[in-house]
Amino acid sequence: MGFYSASLAIVGVYAGLNILINLFLAYRVSANRVRSNVMTGTGEDEKLYNASRAHIVNVEYTPIALIGLVVLHLLAASIYVLHIVGLALTIGRILHAIGVSRTGESTPPRLVGTLLTWIALLVAGIGCLWYALV
């Protein structure tokens, strides 16, 4: 397996994991909708609201980070850069979802998850610029 195909496999692993995370979060919203019998919005149901927020925020951040991973691959970025972005994103999204799912308040998993997600985006953004311009 050459370098280029190895980096594509790395992107595939993180894309696959984050797609499954998103599917799990979507399932949690649907399950809470059935439980609360609220099919639109969240009503007054706190569990449905928290599940919905975890899914919404995941959908806001994950696609742009995955696009960054794909572009880094296309620019032949180091596999270490791909792993930094992929791991930070994946762990960050899991921690954030755990924190938001429990409560609407600020929690350590939510804060660390947000920080890791932002680090993933920062490294992806700088990495894309670096590999494109240098």
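Our structure's up above, just so we're on the same page.
Parameters at a glance
Each chain has its residues counted from 1, running along the sequence as written. Per-residue local features are limited, in this predicted model, to residues with pLDDT of at least 70; the limit for side-chain atom pairs, both in listing and counting, is 80 or more; totals at the level of whole chains, interfaces and linings are taken over all residues. Side-chain calculation: all heavy atoms of the structure are included, whereas hydrogens and water are not. Secondary structure follows DSSP: runs of H or I at least 4 residues long count as helices, runs of E at least 2 residues long count as strands, and numbering of each begins at the N terminus. Buried residues are those whose accessible area, probed at 1.4 Å on protein chains only, stays under 20% of the maximum for their type, while exposed residues exceed 50% and partly exposed ones sit between those limits. Contact between two residues is taken to exist if any of their heavy atoms lie within 4.5 Å; hydrogens are not considered. Helix axes use the C-alpha atoms of the stretch in contact, all axes being lines fitted to C-alpha atoms, and the angles between their N-to-C directions lie in the range 0 to 180 degrees. In this scheme the handedness of a crossing depends on how the near helix is turned from the far one: anticlockwise by less than a right angle means left-handed, clockwise means right-handed. Residues are grouped as follows: Ala, Val, Leu, Ile, Met, Phe, Trp, Tyr, Cys and Pro are nonpolar; Asp, Glu, Lys and Arg are charged; every other residue, Gly included, is polar. Take the number of residues in a helix, subtract one, and multiply by 1.5 Å to get its expected span. One axis fitted to the seven residues ending at a residue, another fitted to the seven starting there: the angle between these axes is the bend at that residue. As used in this structure description, the phrase polar contact means that two N or O atoms lie within 3.5 Å; if the pair is within protein, one of them must be able to donate a hydrogen and the other to accept it, and residues adjacent in sequence are counted only when both atoms belong to side chains.

Undergrad: What should I look at first to understand the environment of N50 in this one?
TA: Its location among the elements puts N50 in helix α2 (residues 46–74). By relative accessible area, which is 3% here, N50 ends up buried. Linking N50 and L8, residues 42 residues apart in sequence, is a C-alpha distance of 34 Å. Look past the residues within four positions of N50 in its chain and what remains in contact with it is V100, S101, R102, T103 and G104.

Undergrad: Please explain the packing of α2 against helix α4 (residues 108–133) as it appears in this structure.
TA: Two quantities define a packed helix pair, namely the angle between the helix axes and the distance between the axes. Contact geometry of α2 with α4 gives a least axis separation of 9 Å together with a crossing angle of 30 degrees. The crossing of α2 and α4 is left-handed. Contact residues: α2 offers Y61, I64, A65, G68, V71 and L72, while α4 offers T117, W118, L121, A124, G127, C128 and Y131. Each residue belonging to the contact of α2 with α4 can be placed in one class, and the counts come to 10 nonpolar, three polar and no charged.

Undergrad: Teacher, can you tell me more about α2 here?
TA: The periodicity of an α-helix, 3.6 residues per turn, causes residues three or four places apart in sequence to face the same way. When the terminal C-alpha atoms of α2 are compared, their 42 Å separation across 29 residues agrees well with the 42 Å that a helix rising 1.5 Å per residue should span. The largest bend along α2 measures about 25 degrees and falls at V59, with the proline P63 one to four residues further on. For α2, the N-terminal capping position is held by D45, with its side-chain oxygen 3.2 Å away from the main-chain nitrogen of K47. Within two residues after α2, A76 carries a phi angle of roughly 60 degrees, on the positive side.

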